[in-house]
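So the chains spell out like this:
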Amino acid sequence: MTATVPAPPPAGLGDTLRRLGTAQKGAQGAPAYSRFVNRRLGRLLAALAFGVRLTPNAVTTISAAFTATGIAVLALARPGWGTGVAVSACLAVGYAFDSADGQLARLRGGGSPAGEWLDHMVDAAKTSSLHLAVLVSLYRFETVDRGPLLLVPLGFCVVAAVLFFGTMLNEALRERHGAATRAQRTAERPSVLRSLLVVPTDYGLLCWVFVLMGAPALFFSAYSLLFLATAGYLALACRKWFGEIDRLPSRAPTTTTTTTRTTAP
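About the thresholds
Residues numbered from 1 in each chain as written. Predicted model: local features only at pLDDT ≥ 70, side-chain atom pairs only at ≥ 80, totals over all residues. Heavy atoms only, no water. Buried < 20%, exposed > 50% of the residue type's maximum accessible area, 1.4 Å probe, protein only. Helix = DSSP H or I, 4+ residues; strand = E, 2+ residues; numbered from the N terminus. Axes fitted to C-alpha atoms, helices over the stretch in contact; angles between N-to-C directions. Parallel < 35°, antiparallel > 145°, perpendicular 65-115°, else oblique. Contact = heavy atoms within 4.5 Å. Nonpolar A, V, L, I, M, F, W, Y, C, P; charged D, E, K, R; others polar. Core = buried A, V, L, I, M, F, W, Y, C linked by side-chain atoms within 4.5 Å. Polar contact = N/O pair within 3.5 Å; in protein donor to acceptor, adjacent residues only side chain to side chain.

Undergrad: Quick question: what am I supposed to make of unusual backbone geometry here?
TA: For residues other than glycine, phi is negative in most cases, and the peptide bonds are mostly trans. The backbone phi angle of Arg-53 is positive, close to 65 degrees, even though this residue is not glycine. Note on Arg-53: relative accessible area 59%, which makes it exposed. Even without being a glycine, Glu-142 presents a positive backbone phi close to 50 degrees. By the secondary structure assignment, Glu-142 is in the loop between helix 5 (113-141) and helix 6 (151-176). What makes Glu-142 exposed here is its relative accessible area of 52%.

Have a look at this one:
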């Protein structure tokens, strides 16, 4: 048996960045901030992490720490411009590290099932807890009336969780049935126009909306618009996804042959 030894760090940061440029996943359907900003920030962080020999799981942990800090500040600190900047900065940095862990894994020759599990579990936790933290903040500090408006973050929580689950489920089913996944690179260049059209659903854009917390009415209006846009996108996407999954070839059932041994008396 031979063990695979990871390649040593290249001579410099520029060399690592060039190698990372060939280790990118597909960008089909990715919204603009995630595609053009966050992925490039993640590439830089992945190169730096590779240079100091961090593992992808360590990068995922750093991402989780920044995101958890931002969510905690959102729920516990009084809304204001300083709070908003702190929340947005923590969430955005956490999102950049979230992009870096996968890029680092591909640079090192591929990730592990445990690493992929950890990454998705962190994503699932932040997807719901972020909007619940908004609800806690709105209720504690009464930046909106304690009435129907509090249903907005609750609705956003449900929509975000279903969107995340649906996206992961689609990728898993496509891979299981031999269909192309969004993460696969293709010769076709992803549409820039589509990336711009779906930017209201971009988690990266949501991160920076919290900068507006110093103006509660403006923040809540922007947050509500993102909720409506994401809900509308999910409704349209579900119809499209169902059609795509319905066209996947069915897997042949696995048959198990049981042999019965009879012993003569």
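From this point, the narrative continues.
Undergrad: Got a minute to help me understand the packing of helix 5 against helix 6 in this structure?
TA: For any two helices packed against each other, the geometry comes down to the angle between their axes and how far apart the axes lie. In the contact formed by helix 5 and helix 6, the axes pass within 8 Å of each other and the chain directions differ by 170 degrees. Comparing their axes, helix 6 and helix 5 come out roughly antiparallel. Note on element contacts: helix 6 touches helix 5 through Pro-153, Leu-154, Phe-156, Cys-157, Ala-160, Ala-161, Phe-164 and Met-168, opposite His-120, Asp-123, Ala-124, Thr-127, Ser-128, His-131, Leu-132, Val-134, Leu-135 and Leu-138. Among the residues forming the contact of helix 5 with helix 6, the class breakdown is 13 nonpolar, 4 polar and 1 charged.

Undergrad: For this particular structure, what's the right way to read the nonpolar core?
TA: In summary, soluble globular proteins display a tendency toward joint burial of nonpolar side chains. With 35 residues, the main nonpolar core has Leu-74, Leu-91, Leu-130, Leu-206 and Phe-210 as its most contacted residues. Contributions of two or more residues to this core are made by helix 3 (56-76), helix 4 (81-107), helix 5, helix 6, helix 8 (203-209) and helix 9 (216-246). If you tally residues by element for this core, the top one is helix 9, at 9 residues. Filtering out sequence-adjacent residues up to four positions away, Leu-206 remains in contact with Leu-130, His-131, Phe-156, Tyr-223 and Leu-226. Ala-46, Ala-100, Leu-104 and Leu-107 belong to the second largest nonpolar core, which has 10 residues in total.

Undergrad: I'm lost on the environment of Leu-212 in this one. Help?
TA: With respect to the secondary-structure elements, Leu-212 resides in the loop between helix 8 and helix 9. In this structure Leu-212 comes out as partly exposed when scored by relative accessible area, which is 23%. Along the backbone, Leu-212 and Val-85 are 127 residues apart, and their C-alpha atoms lie at a distance of 8.3 Å. Setting aside residues up to four positions removed in sequence, Leu-212 forms contacts with Trp-81, Leu-218, Phe-219 and Ala-222.

Undergrad: I would appreciate a short explanation of the side chain of Gln-103 in the present structure.
TA: With respect to the helices and strands, the residue Gln-103 is situated in helix 4. By relative accessible area, which is 1% here, Gln-103 ends up buried. Reaching out from Gln-103, the side chain makes a polar contact with the side chain of Ser-99 at a distance of 3.0 Å.

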